[in-house]
Structure formats: structure tokens, C-alpha cells
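Coordinate analysis (summary)
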Amino acid sequence: MMSSAAKRIATRYRRLYCTTSPLLKSIFQRPDLSSRSRHLCGSSESKRRIDVRSDTVTVPTDGMRQAMFNAKVGDDVLGEDPTVHALQDRVAHMCGKEAGLFVTSGTMGNLIALASHCGRGDEIILGQGQHIFKYEGGGASALLGVSYATVPNNADGTMQLHDVRSAVRDDDPHYPITKAVCLENTHNTGGGRVLPQAFIDSVGTWCHAHRLICHMDGARIFNAVVASGTSLSRMLEHVDSISICLSKGLGCPVGSVIVGSKEFIARSLRARKMLGGGMRQAGVLAACGLYALDHNVERMAEDHARAKSLAAKIRALPGITLSDIETNIVYFDVDTDAIGMDSGSFVAGLQSRGVDILGSMYATADGTKNLFRARAVVHLHITDEDIDMIVSAMASTIASA
């Protein structure tokens, strides 16, 4: 007979199994989540939500989960995971570069790239609206001792070349050493705009003529490829390194790949280790990237079309203004005074109608008005019906003021 202590332990483990086993089963057995009715964590039909806060909110589809299940794995820190190698090699080949490295996130990818290119006391030049400067925690300065020299971004995400040239430091011990120029494509705060190829080429060739590095934050580079029709290798012809995110429009749960020369990747491998970014049997995650490259690149055109449809429909709503849309990101300004509703009430109204967005207040350039700038990002779980429901929710919310 079991002792009372043994019975308590057995009961505890049965409870633990009953609590966790549905979660464990869900890892590989959840229904196809490409349906809009299952956007958030398997939510029920009666509580479904349309989440357009970001394209990072997607969850793996059945096919991607099956690829994870079937992945051949090994210890990637020891260089023995075949699926990780396959992903790294494939992305590097697509980019026209020598090698790649799988990392945990786009932020880590950019940080590793800068650690590989720069030393303490060096400086990078980039636009003041770029993700590396605004949304990555000041990591280059805090962790690497690298300073930022920012220049204005144009509305399309480009920078004036004379501003970039003027930001280069003189060879003087009073100044940091200019080491790299960073670009972002597509440009998030520019509204998902695709950088013109002529601009990328001009920056890259100018950098090389002046012995500077050209690094690209390519978190949504495949959106740029699909929208422009330019191949990835051509787009990056004059770029030295790039960080490509897998967990945005490509629909993967985690991960990015950085690519560049063999020497750059060798340095990056050391930087990844120092930052704690080494993963062991990471092939289960790399398999998602390989699946996404096969199934989720060309379909981004559907996201772009739906984003443009959303923009066209909300443009007619009172108090709403927005610029042209090129890819999957829709930024729109809400004149809260005109609609008689503050930003919190506007967001809450959408949430009560099943729609989630992001946004923040900002002052116009002339300082005469405060507007609420909201963002809706279309992704692989969003359908045409969802677009109509978003428009309906916005119209209803504004009408309720």
C-alpha cells in the first residue's frame, strides 16, 4: 500500500498533469490558427478579437507546427544543429552574402551586428526615427559603449545624404570614431515605407568609399522585397550586414537571422555567446523560419492589399487622416478634438468592439494641435472580413462620442 506521503505526491502529480497536459498537447495539436477567429491564444468564437497591434502577434499555423515537430536537431552552441545550419545558409544565399547566424530577436541581431562592427567609443549614424535608436533600449550605448549620431528621417524613411556626410566625425581625439551608417527597410515609423533602391545604393557606395560600414535593420525586409519586386540580393548589394526578423510578417514565433561576410559572422558568433544568445536544440525554431520562407513570403502581398483597403476605407471617417500605404503598416492620425473623444476612450471603444490597436499622442510640427497617432499592422491572420470589422468598429466608436 502507498504511504500517505506517497499518496499526496501522486495526487500532486496527477493534478499537475491535468493542468499542464492540455497545454503540452496544444503545442503541436492546436487547430489551424490562420483563421481570424483564433487570433489570440485559442480564444473562443464568442470572444474572438482582431489584433492589429503588430505583426508579431501571430501564432504558428498547423503546417509550421508540424515542421517544428519534424525538425532534425542538435546542439547549436556546438554547431551541430542541421536545421539551424540550413536556415542560416538559405537566408545568406538569398541575401547574396557569405554566411548567416540565427539569433533570438531583431533587437539582439542589431546589437550583435553593431558589436561586431564597432568598438567602445565608436559611433554609428542613423535616422532619429529608426528602431535601433527609438525602440531597442539604447543597447548600443548601454552594453557596447557605442554612441548614436542621429539625423532627421524624411517621411519615406530616407535621410538626406548631406546630413549623413555632415554627421561623420573629424579625426580628432575629442570625438568618437564614426564606424557605421544604419538603415531600416521597411521603415516602421515612416509607415512601413520601402526605401528606394537608389537611396540604399548611394548610402552603401558612399560608406565604402569612406571606409564605413553600412548595416541594415531589415526586420520587415521581405515586405520590401514583395512590395518593390526587387530581389533580396539586389536590394542588399551595397549593404555589409543585415538583421532579418522571422517573427513579424513571416509568422514565426521567435528568431532573426543576421547575415554578412564570413569574418563578420565569426565575430558575431562570439558576440552572441557573450550576450547569452546561444541556443541548444534550436532547430525546432529554425524549422519555423524555413517553413515561412517556403509559404509566407509571397502571401505578404495579401497583407499589403488589405492594409491599403483598410486605409482607403478609414480615410472617409471623420477626424481621420493618413498618408499613402506601401506595405502592411497603417499609421493614421485621429483628431480627438474633432471627434469629441480622448485617445483613451477611442482605444477603449475599439477594444470593446473586439479590435486592438496601438497608438500615442503627439504634437503637430507647428505646436497648434495634439493628435493621436494609431497603428494597425496587417498580418497573416487578418482576413478581408476583419478589415471590414475594423472599419465598422472605428465608425461605431467615433459615432458614440
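A brief report on the enclosed structure follows. (Residues numbered from 1 in each chain as written. Predicted model: local features only at pLDDT ≥ 70, side-chain atom pairs only at ≥ 80, totals over all residues. Heavy atoms only, no water.)

1. With respect to the pattern of salt bridges
Under the criterion given, the structure shown has 17 salt bridges. Residues Arg 49 and Asp 356 are paired through a salt bridge, measuring 2.9 Å at the closest nitrogen-oxygen approach. On the criterion of sequence distance, the pair formed by Arg 49 in the loop between helix 1 (4-29) and strand 1 (50-51) and Asp 356 in strand 11 (residues 355-356) is long-range, its members being 307 residues apart. Arg 49 sits in the partly exposed class, given a relative accessible area of 23%. Each of Asp 201, Arg 234 and Glu 237 takes part in a single network of salt bridges with overlapping partners. (Salt bridge = Lys/Arg side-chain N within 4 Å of Asp/Glu carboxyl O. Helix = DSSP H or I, 4+ residues; strand = E, 2+ residues; numbered from the N terminus. Buried < 20%, exposed > 50% of the residue type's maximum accessible area, 1.4 Å probe, protein only.)

2. Focus on the sheet that holds strand 10 (residues 329-334)
The strand order across the open sheet built from four strands is 9-10-13-12, with neighbouring strands paired in antiparallel fashion. Whereas interior strands pair on both sides, the edge strands pair on one side only; in this sheet they are strand 9 (320-322) and strand 12 (358-363). Each neighbouring strand pair of the sheet contributes to a mean axis angle of 30 degrees, computed without reference to strand direction. Pairing of strand 12 with strand 13 (residues 370-377), which is carried by six bridges, proceeds in the antiparallel orientation. Note that in strand 13 the partner of Ser 360 across the bridge is Arg 373. Strand contacts of helix 13 (residues 300-314): strand 9, strand 10 and strand 13, with the helix running at about 15 degrees to strand 10, the strand carrying the most contacts. (Pairing = 2+ DSSP bridges. Axes fitted to C-alpha atoms, helices over the stretch in contact; angles between N-to-C directions. Contact = heavy atoms within 4.5 Å.)

3. Overview of the nonpolar core
Formed by 51 residues in total, the largest nonpolar core has its most connected members in Leu 87, Phe 102, Leu 183 and Phe 222. Top element by residues in this core is helix 12 (residues 283-295). It accounts for six residues. Here Leu 87 is in contact with Phe 102, Leu 246, Val 257, Ala 286, Gly 289, Leu 290 and Leu 293, once residues within four sequence places are set aside. In terms of nonpolar packing, the next biggest core, distinct from the first, is built from 31 residues, Ala 311, Ile 339, Ile 390 and Met 394 among them. (Core = buried A, V, L, I, M, F, W, Y, C linked by side-chain atoms within 4.5 Å.)

4. Quick word on the sheet that holds strand 7 (residues 241-245)
Across a sheet, paired strands are connected by hydrogen bonds in the backbone, their directions being either parallel or antiparallel. An order of 2-8-7-6-5-3-4 is seen for the seven strands of this open sheet, with the pairing classed as mixed. Strands with a single pairing partner mark the edges of an open sheet, and in this sheet they are strand 2 (99-103) and strand 4 (147-151). Averaged over all neighbouring strand pairs, the angle between strand axes comes to 25 degrees, with direction disregarded. Both strand 3 (residues 122-127) and strand 4 contribute to a ladder of five bridges, which runs parallel. Following the sheet pairing, Gly 127 is matched in strand 4 by Val 151. Sitting on the sheet, helix 4 (residues 106-117) is in contact with strand 2, strand 3, strand 5 (177-184), strand 6 (213-218), strand 7 and strand 8 (256-260), with an inclination near 165 degrees to strand 7. Sitting on the sheet, helix 8 (residues 197-209) touches strand 5 and strand 6, and the angle it makes with strand 5 is about 165 degrees.

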